[in-house]
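Spelled out, the chains give:
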Amino acid sequence: PGGSYSGNNRIVEHIVPDFAIKIIDGELELTLNGRNAPELRLSASYIETLKAYENSPHKEKQLRDAVQYIKQKVDGARWFIDSVKQRQNTLMKTMQAIVQRQHEFFIESGDETKLKPMILKDIATQVELDISTISRVANSKYVETDFGIIPLKFFFSEGLTNDDGEEVSNREIKKILSNAIGQEDK
């Protein structure tokens, strides 16, 4: 609390991961962090008011105007809730596709040599969404794993084909080179 008086005014940003991946009984379990989007629902009293008005034989102008206002707000709320659910669905579909393609990486506790080459277009094609949508999902989103919090952009990299015709990620090549240099006699 007294840090603001120390003269060191650095702002520390805490990352709240959007996803969590746990290994349970050898299987990967992916969850969406509900803290970023709490469960939304309509107030039952508004729905009951609308139903009561529809069943009422007396439809006075003042009451009709109030009900019209409530109906407009309820429709707006439904649209908003549907939009949030669609966003969550898009996030989950995208992350499931990433986990499917990078399964070995997650099972092997973050071994970079297990990363497969993957570009935004690969995921966009798999989940049948536009590349720009996948880009927005990957931008500033994080996944929590047993071996750290990782930005989604980390999983996207170009690749090369080795002598056996197998695609190898640029990250894997860099990691192999780094290890080779690290093992050299200094």
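Residues numbered from 1 in each chain as written. Predicted model: local features only at pLDDT ≥ 70, side-chain atom pairs only at ≥ 80, totals over all residues. Heavy atoms only, no water.

J.: If you had to explain unusual backbone geometry to someone new, which residues and values would you point to?
T.: Keep in mind that most residues, glycine aside, have a negative phi and that most peptide bonds are trans. Look at D25: it is not a glycine, yet its phi comes out positive at around 55 degrees. Here D25 is to be found in the loop between β1 (19–24) and β2 (27–32). The phi angle at S140 is positive, at roughly 55 degrees, despite the residue not being glycine. Tracing the backbone shows S140 in the loop between α5 (131–138) and β3 (142–145). Overall, S140 belongs to the exposed group, its relative accessible area being 53%. (Helix = DSSP H or I, 4+ residues; strand = E, 2+ residues; numbered from the N terminus. Buried < 20%, exposed > 50% of the residue type's maximum accessible area, 1.4 Å probe, protein only.)

J.: Quick one: what's the story with the packing of helix α2 (residues 61–101) against helix α4 (residues 120–127), residue by residue and with numbers?
T.: Interaxial distance between α2 and α4 falls to 10 Å at its minimum, and their mutual angle equals 115 degrees. Seen from above, α2 lies across α4 with right-handed handedness. Residues K93, T94, A97, I98, Q100 and R101 of α2 form the contact with α4, whose participating residues are D122, I123, Q126 and V127. When the residues that make up the contact of α2 with α4 are grouped by side-chain class, the tally is four nonpolar, three polar and three charged. (Axes fitted to C-alpha atoms, helices over the stretch in contact; angles between N-to-C directions. Left-handed = near helix turned anticlockwise from the far one by under 90°. Contact = heavy atoms within 4.5 Å. Nonpolar A, V, L, I, M, F, W, Y, C, P; charged D, E, K, R; others polar.)

J.: Just give me the short version of the side chain of T94, but keep the residues and values in it.
T.: In this fold, T94 is placed in helix α2. Setting aside anything within four residues of it in sequence, one finds T94 in contact with I123, V127, L129, I134 and V137.

J.: Outline a nonpolar patch on the surface, supporting the account with residue identities and numerical values.
T.: Nonpolar side chains collect at one region of the surface, where L40, W79 and F80 lie side by side and expose about 340 Å² of accessible area between them. Within the secondary structure, F80 is located in helix α2. Judged by its relative accessible area of 45%, F80 falls in the partly exposed class. (Patch = residues over 30% accessible without salt bridge, like charges linked within 9 Å, V, L, I, M, F, W, Y side chains within 5 Å. Areas by Shrake-Rupley, 256 points an atom, 1.4 Å probe, with all protein chains shown as cover. Salt bridge = Lys/Arg side-chain N within 4 Å of Asp/Glu carboxyl O.)

J.: Give a description of the pairing of β3 that names residues and reports values.
T.: Side-chain alternation along β3 places V143 and T145 on a buried face and Y142 and E144 on a face that remains uncovered. Strand direction decides the pairing type here: β1 and β3, joined by two bridges, are parallel. Residue pairing across strands places F19 opposite V143, the latter belonging to β3. Relative to strand β4 (residues 148–151), β3 is paired through four bridges, and the arrangement is antiparallel. The residue bridging V143 from the neighbouring strand is I150, located in β4. Adjacent in sequence and paired antiparallel, β3 and β4 are bridged by two residues. (Pairing = 2+ DSSP bridges.)

J.: A description of the pattern of salt bridges should follow, citing residues and the corresponding values.
T.: Pairing between side chains of opposite charge can happen when their charged atoms approach one another. For the structure on display, the rule yields four salt bridges. Residue D75 is joined to R78 by a salt bridge in which the shortest nitrogen-to-oxygen separation is 4.0 Å. Here R78 and D75 lie together in helix α2, a separation of three residues that amounts to about one turn. Judged by its relative accessible area of 40%, R78 is partly exposed. Each of the salt bridges in this network shares a partner with another, and the network as a whole consists of K71, D75 and R78.

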